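Overview (structure and organization)
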Amino acid sequence: MNKHYGFDLKKFISLAAILMTTNCVLGIAPLNILPALSQPVLAQEDPLAKGMKKLEQGGYHEAIAAFSEAARLYPNLPQPYVGRASSYLLLEKPQQALEDCNQAIRLDPSNIDLYSLRGFVYIMLLNPQKALEDFNQVIRLDPSSGDGYAGRGIAYGILSNQKKATEDIQKAMTIYEQQGKTEEIKKFKENFSQFLEI
C-alpha cells in the first residue's frame, strides 16, 4: 500500500499519527488527574509517558503494553486509547486501531484530533467514505484545521476525485503556512509532489 496512490501513505500516516498522539496525550491530559506528566522526575514511571516515549522511538509493541496499562489505570481518559490506536496503526493493524479510536471518541467527542486519527485509520482500512465523514467532522469543529483538509484531500484522492483532492491539499498547505507549520509544509511537499500539483 505504501506507494499505491503516488505518495508514501504509510510514511505520511506515521507522521500524522505521532503528531496527533503527541497533541492528544500532552495537549488534553488534565494535570490534576495525571500529575506525573507535569513532574519530569516521575514522568518516566507514568505509563502514558512511557507509552509516548516508546511510540516516538518506534517501539510500538512496548508502547501498546504501556498504553494498555494506562487504560487500566485511567479508563475514563481518551489518551491511553489514542496512544494505543496510533501504535496499532503504525504496526499496520488498523482494525485494532479503529476500536481504540472509537473508545477515545466516546470519551471525548469534541476532540478533533481523535476524528483525524480515526480518519487515517479508515484510509488504512481502504474505507475513504468513512474517512471523509471524520475529516468533514474535523473541519466542522475547526475550519482552520490543516489536518482536516489534508486528510480529506487524501480521501478524495483515493476516490479519484483529483479536483477536490487538490483543492483540499492546497487549503491545508495555506493553513499550515498561515500557522507557521514549516515541518508539515515540508512533509507535504515531499509526499504529495507526485500526487498533486502543489
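On a predicted model such as this, the values are computed, not experimentally measured, just so you know.

What follows concerns helix α3 (residues 47-57). Listing the buried residues of α3 in full gives P47, L48, A49, G51, M52 and L55. Its side-chain oxygen 2.8 Å from the backbone nitrogen of L48, D46 forms the N-cap of α3. One or two steps after α3, the chain reaches G58, where phi turns positive at roughly 90°.

Moving on, we get to the confidence of the model for the protein. Detailed reading of the predicted coordinates is not advisable wherever pLDDT falls low. Chain-level statistics for the protein give a pLDDT mean of 79 and a share of 73% at 70 or above. Across residues 1-7, confidence stays below pLDDT 50; counting only partners more than four residues off in sequence or on other chains, it has 19 contacts. In this model residues 25-43 is a low-confidence stretch, pLDDT under 50, and it forms 31 contacts with partners more than four residues away in sequence or in other chains.

Turning our attention to the nonpolar core. Note on soluble globular proteins: their nonpolar side chains tend to be buried together. Counting residues in each nonpolar core, the largest one holds 30 residues, and the members touching the most others are L89, A97, L117, F120, V121, I123 and A131. Where this core is concerned, the elements lending two or more residues are α4 (60-73), α5 (79-90), α6 (94-107), α7 (112-124), α8 (128-141) and α9 (146-158). Tallying contributions element by element places α7 first for this core, with nine residues. The next biggest cluster of nonpolar side chains, apart from the first, holds 10 residues, and it includes L48, M52, L77 and L90.

Attention now moves to the packing of aromatic side chains. Following the criterion strictly, the structure yields one aromatic pair and no others. Relative to F135, the ring of F120 has its centre 5.1 Å away and its plane inclined at 70°; by these criteria the two rings are edge-to-face. Residue F120 is located in helix α7, and its partner F135 is located in helix α8; the two are separated by 15 residues in the primary sequence. Here F120 falls in the buried class, since its relative accessible area comes to 2%. Take F135: its relative accessible area is 0%, and that puts it in the buried class. The side chain of K171 reaches across the aromatic face of Y149, ending 5.6 Å from its centre.

Definitions and limits used
- Residues numbered from 1 in each chain as written.
- Predicted model: local features only at pLDDT ≥ 70, side-chain atom pairs only at ≥ 80, totals over all residues.
- Heavy atoms only, no water.
- Buried < 20%, exposed > 50% of the residue type's maximum accessible area, 1.4 Å probe, protein only.
- Helix = DSSP H or I, 4+ residues; strand = E, 2+ residues; numbered from the N terminus.
- Polar contact = N/O pair within 3.5 Å; in protein donor to acceptor, adjacent residues only side chain to side chain.
- pLDDT = per-residue confidence, 0-100.
- Contact = heavy atoms within 4.5 Å.
- Core = buried A, V, L, I, M, F, W, Y, C linked by side-chain atoms within 4.5 Å.
- Phe/Tyr/Trp six-rings, centres within 6.5 Å; stacked < 30°, edge-to-face > 60°.
- Lys NZ or Arg CZ within 6 Å of the ring centre and 35° of its normal.

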